[in-house]
Amino acid sequence: MINIKENEKLSILNHSCAHLLAQAVSHLYPDAKFWVGPVISEGFYYDMDLGDVTLKEEDLEKIEREMKKVSKDGKRIVRHELTKEEALEKFKNDPYKIDLIENMPEGEVIFCYTQGDFTDLCRGPHVDTVKECKYFKLLKFSGSYYKGDANNKVLQRIYGVCFPTEEELQEYLNELEEMKQRDHRKIGKEQEIFMNHELVGAGMPLWLPNGAIIRKQLENYIYEKEQKMGYQHVYTPCVGTVNLYKTSGHWDHYKEDMFTAMKIDDEEFVLRPMNCPHHMLVYKNKLHSYRDLPIRIGEFATDFRYEASGAVKGLERVRCMCQNDAHLFVTPEQIGEEFKKVVDLILAVYKDFGIKNYKFRLSLRDPEDKTKYFDDDEMWNQAENKLREVLNSLNIPYFEAIGEAAFYGPKLDVEVKPAVGPEVTLSTCQLDFLLPRRFELNYIDQNGEKQTPVVIHRAIFGTFDRFTAFLIEETKGIYPLWLAPTQVNIIPVNMEYHAKYSEQILHLLQEKGYRVTLDARNEKLSYKMRESVMKKIPVTVILGQKEVDENLISYREFGSEETITVTKEEFLKYIEKRMEEKK
Ligand code: TSB
Ligand code: ZN
């Protein structure tokens, strides 16, 4: 999806369209006062005070019509320069503009743009005439607090987008529509995957039974892979004392992303934002020899992070998440090989899920930012150089991003491009020389001397939350058999004659461990079939007189109109085979 803010030409056009919107609104609502109208990645918006008017859907059409009229009129967009005094005089009836002007530095030249009967304070630049803003669409409106402060008045925000041609606009709108259709929040609600409730809190999803099935399958899938690679899983609490996070360095460098501390008796506790400190202590529980390394401690671990309320989104960005986490304790010589194993695991998982569109990002620290990163140039140089060396030896293409590292070390993050919408960061693999030092971890080397291990932090799915959001949007809620909450739905053709045989088949499949439903309602066959398809159930079994008489099973696959009739044994074989298809 195109990012309008990052495209200079589109950015100028959209900014001009924001002015056109304000002009049209000023015609329709003469008392309207205007705050700001910036360009955003999806187009533009304008915040305005419409007095007592509350916008309705049909008002957008009315405003659009007026915008078309003004655009057709084709007035030139002319720039003026004003002194601060002149600007204060010119906008004296508009408290919002006065606020803007008063906050500008003394002596600064103030720019205005005029188009016909409308003048707005603006730095520009703009297109030459309003005629150029021809192919636009107002997308939605919402309330927004003046200056983003909940104590202030609610202004009305209207969003829109503008393109140079009708085709480009249409293409963009189609993509927006596709995004809406795929939105995991919409599908997640329809399919009862997860819910939110204000009494639990924003960014705290509740996984419903169908979602829990998907999550459990993902857990089993990755657990099995990790077990084969020598990972040892643990369970640790999702709180720790503030002292734990002071020891790790989170308190100094990650506090802003954490929930505030709570006091119990005389001790302060905090919900954990990461699991590394707990895993450091698990390692420290025993003495280790170099022969024990690598030690791989894994956990499906719940973490809490403070994400801004405006940033939380369904399962994709949450405040309570479950990481598919592990910390690998290695000798310096083992870094390369162990890192490779993680990258190979990521690639194997992506292959299973059919994820092809991704990029590796080498996330480095911003050396200027002393608060976000542990301050030790030598350590950072060592870690960043080592990680680059490992990546070069693995021969994987990557790009570098300054300021994206963890506070304790550089990361290799995987940015995945979904079917629609912007990239998401799923997997991560990180190199850390700091935490083992802070926790005074060690192992005994070949010469009987104490050495400090290196830690690799890694999460293959990232979080189950974000990965599930991604999966829903990629598949549009049509899951492969092994993940589908309901795998087989059985419909008896006639409840009177075929229900008993249907129940037999239900039990047969349930005993094999499949997730099966029997639609025993007294509804028409066609109705039940339609509903089975609407629920996107991978296999629908239809049992009538022929099936009862000859001990057969007839089924339809989702997306197919063909009914296939087989013996019970053949059906079981077919299901077993389809279970192996991961994509
Ligand atoms: C991998 N300590 C490491 C861990 O050992 C760690 O926490 N790394 S992380 O901060 O990069 O988080 C791991 C993954 O969690 C990210 O790659 C991302 O996929 C996922 N994630 C991060 N924040 C959120 C969030 N708010 N909602 C959902 N998933 C998130
Ligand atoms: Zn970690």
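Reading the values: rules and limits
- Residues numbered from 1 in each chain as written.
- Chains lettered and ligands numbered in written order.
- Predicted model: local features only at pLDDT ≥ 70, side-chain atom pairs only at ≥ 80, totals over all residues.
- Heavy atoms only, no water.
- Helix = DSSP H or I, 4+ residues; strand = E, 2+ residues; numbered from the N terminus.
- Contact = heavy atoms within 4.5 Å.
- Core = buried A, V, L, I, M, F, W, Y, C linked by side-chain atoms within 4.5 Å.
- Buried < 20%, exposed > 50% of the residue type's maximum accessible area, 1.4 Å probe, protein only.
- Patch = residues over 30% accessible without salt bridge, like charges linked within 9 Å, V, L, I, M, F, W, Y side chains within 5 Å.
- Areas by Shrake-Rupley, 256 points an atom, 1.4 Å probe, with all protein chains shown as cover.
- Salt bridge = Lys/Arg side-chain N within 4 Å of Asp/Glu carboxyl O.
- Lys, Arg positive; Asp, Glu negative; His and termini not counted.
- Charge placed at Lys NZ, Arg CZ, Asp CG, Glu CD.
- Pairing = 2+ DSSP bridges.
- Axes fitted to C-alpha atoms, helices over the stretch in contact; angles between N-to-C directions.
- Donors = N, O, S within 2.8 Å, 3.2 Å for Na, K, Ca; no water.

Draft legend 1. Seen up close, the side chain of Asn489. Positionally, Asn489 belongs in strand β24 (residues 488–492). Ignoring anything within four residues of it in the chain, the contact list for Asn489 reads Thr517, Leu518, Asp519, Ser532, Ile537, Val539, Thr540 and Val541.

Draft legend 2. Spatial organisation of the nonpolar core. Leu218, Phe339, Val349, Phe353 and Phe461 are the most contacted members of the largest nonpolar core, which has 85 residues in total. Take this core: its biggest share by element is 8 residues, from helix α11 (residues 335–352). For Phe461, the contacting residues outside a window of four places in its chain are Leu218, Tyr221, Ile222, Asn324, Val349, Phe353, Leu426 and Phe467. Within the second largest apolar cluster, 31 residues are counted, among which are Leu13, Phe34, Val127 and Val130.

Draft legend 3. Seen up close, a negative patch on the surface. A cluster of like negative charges, contributed by Glu166, Glu167, Glu168 and Glu171, occupies part of the molecular surface. Looking at where Glu166 falls in the secondary structure, it is placed in helix α5 (residues 166–182). We classify Glu166 as partly exposed; its relative accessible area is 38%.

Draft legend 4. Fine view of the sheet that holds β24. Across the sheet, 5 strands lie side by side as β25-β24-β26-β27-β28; this open sheet has mixed pairing. The two strands at the open ends of the sheet, each matched to only one other strand, are β25 (516–518) and β28 (564–567). Strand after strand, the sheet turns through a mean of 30 degrees between neighbouring axes, direction not considered. Relative to β28, strand β27 (residues 552–557) is paired through 4 bridges, and the arrangement is antiparallel. Within the sheet, the bridge partner assigned to Leu552 lies in β28 and is Thr567. Lying on the sheet, helix α18 (residues 568–580) is in contact with β24, β26 (539–543), β27 and β28; it crosses β28 at an angle near 110 degrees.

Draft legend 5. Geometry of the coordination of the zinc ion (ligand 2). In this structure, Cys276 (SG), His327 (NE2) and His457 (ND1) serve as the protein donors to the zinc ion (ligand 2), at separations of 2.1 to 2.5 Å. Under the relative-accessibility criterion, His457 is labelled buried at 3%.

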